[in-house]
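Report on the structure
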Amino acid sequence: PPGTEVQLLLDQQGVSVECQDAPYLSPREQREVAARLALAEGQALASAAALDADPGAEGGHSLWVATVPQGDMRDWAGALEAAGLSLVHATPFPRALLCGLEACGELPANRLVLAIDPGSEGHIFIFRGRSLVLVRRFRLPEEEADASEIIFEEVSRLLQFHKQKQRGATFETLFVVGAAGLGAQLASRLQGALRLAVQVLAPELWPVLQQG
């Protein structure tokens, strides 16, 4: 009906997200930084920025910058306009998840999060305070045993890469969103090999993203 708000989650790998510590920036300054970062990529990109207060960040804030190819943005806007709709807000997947996790209770400053969406796809995120540090996206097979093996390999690989970049960085818990659990065997393997406890924050992903 007229006036109805519709939310879309677009599966677009061309979206790039970058986070950096920053002092307070006015909305105009945020847009200027986003435009400079987009220009530095050397291609036609649409950009947007958001600034979060973050006591743990240098300067007291975390600046998020998202970019997407101009052609993709024109396609999205054109499809919405053709349907008689207006685009009022857009946010990248990692930011929607980060903001949605705030409703899941108090979490540590450094968080390792596994998000599983209904399309048999997995995402592993490392968040530090209000910033996105790393993200890994991968397909999940339908067979549970195969999916468990993929999840273990992806978590192990991401942690190894992160520890090479951040010496001494450790995590005690793998927070899970989008599944009721990972199975006893996988949970035991994560605990034994990677010393990670498994904690389910939400059995479904969509409500968390919508909250964010």
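Remarks on the confidence of the model for the protein chain
Across the protein chain, the average pLDDT comes to 90, with 98% of residues at 70 or higher. By mean pLDDT, the top-scoring element of the protein chain is strand E7 (residues 173-177) (96), and the lowest-scoring one is helix H2 (residues 70-82) (89).

Observations concerning the nonpolar core
Leu112, Ile151, Val155, Leu174 and Leu182 are the most contacted members of the largest nonpolar core, which totals 22 residues. The leading source of residues in this core is helix H4 (residues 144-165), at six residues. Not counting residues up to four positions away in its chain, the partners in contact with Leu182 are Leu114, Ile116, Ser148, Ile151, Leu174, Val176, Leu190 and Val198.

Looking at the pattern of salt bridges
Overall, the coordinates contain ten salt bridges when judged by the stated rule. Between Arg95 and Asp52 there is a salt bridge, with the nearest N and O atoms lying 2.8 Å from each other. Of this pair, Arg95 sits in helix H3 (residues 93-101) while Asp52 sits in strand E2 (residues 45-53), and the two are 43 residues apart along the sequence. Considered together, Arg95 and Asp52 belong to a single accessibility category, that of buried residues. Among the ionic pairs, Arg130 bridges to Asp52, the shortest N-O distance being 3.2 Å.

Points about a nonpolar patch on the surface
A cluster of nonpolar side chains, Val6, Leu8 and Leu10, forms an exposed patch at the surface whose accessible area comes to about 290 Å². As for its placement among the helices and strands, Leu8 is situated in the segment before strand E1 (16-22). In this structure Leu8 comes out as exposed when scored by relative accessible area, which is 56%.

Points about H4
Over its 22 residues, H4 extends 32 Å from the first C-alpha to the last, a length consistent with the 32 Å expected when each residue adds 1.5 Å. Looking at the buried side of H4, the elements it contacts are strand E4 (110-117), strand E5 (121-128), strand E6 (131-139), E7 and helix H5 (184-194).

Remarks on helix H1 (residues 27-40)
Taking 1.5 Å per residue, 14 residues should reach 20 Å; H1 reaches 20 Å between its end C-alpha atoms and fits that length. When we look at burial in H1, the residues that qualify are Gln30, Val33, Ala34 and Ala38. Down the axis of H1, the sector holding all buried residues measures 135°, keeping them to one side. Opposite its buried face, H1 presents the exposed residues Arg36, Leu39 and Ala40, each directed more than 90 degrees away. The inward-facing, buried residues of H1 abut E2 and strand E3 (61-69). Of the residues flanking the end of H1, it is Gly42, one or two places downstream, whose phi is positive at about 75°.

Examining the pairing of E4
A large share of E4 lies buried, amounting to seven of its eight residues. By the bridge criterion, eight bridges tie E4 to E5 in an arrangement that is antiparallel. Of the residues in E5, the one forming a bridge with Asp117 is Glu121.

Regarding the sheet that holds E1
Ordered in space as E1-E3-E2, the three strands form an open sheet in which the pairing is antiparallel. What marks the edges here is a single partner per strand, and that holds for E1 and E2. Here the average twist between neighbouring strands, direction ignored, is 20°. With seven bridges connecting them, E1 and E3 associate as antiparallel partners. Residue Ser16 lies in a different strand from E3, and its bridge partner there is Thr67. Packed onto the sheet, H2 meets E2 and E3 and runs at close to 80° relative to E3.

Rules used throughout
- Residues numbered from 1 in each chain as written.
- Predicted model: local features only at pLDDT ≥ 70, side-chain atom pairs only at ≥ 80, totals over all residues.
- Heavy atoms only, no water.
- pLDDT = per-residue confidence, 0-100.
- Helix = DSSP H or I, 4+ residues; strand = E, 2+ residues; numbered from the N terminus.
- Core = buried A, V, L, I, M, F, W, Y, C linked by side-chain atoms within 4.5 Å.
- Buried < 20%, exposed > 50% of the residue type's maximum accessible area, 1.4 Å probe, protein only.
- Contact = heavy atoms within 4.5 Å.
- Salt bridge = Lys/Arg side-chain N within 4 Å of Asp/Glu carboxyl O.
- Patch = residues over 30% accessible without salt bridge, like charges linked within 9 Å, V, L, I, M, F, W, Y side chains within 5 Å.
- Areas by Shrake-Rupley, 256 points an atom, 1.4 Å probe, with all protein chains shown as cover.
- Expected span 1.5 Å × (residues − 1).
- Arc of directions from axis to C-beta.
- Pairing = 2+ DSSP bridges.
- Axes fitted to C-alpha atoms, helices over the stretch in contact; angles between N-to-C directions.

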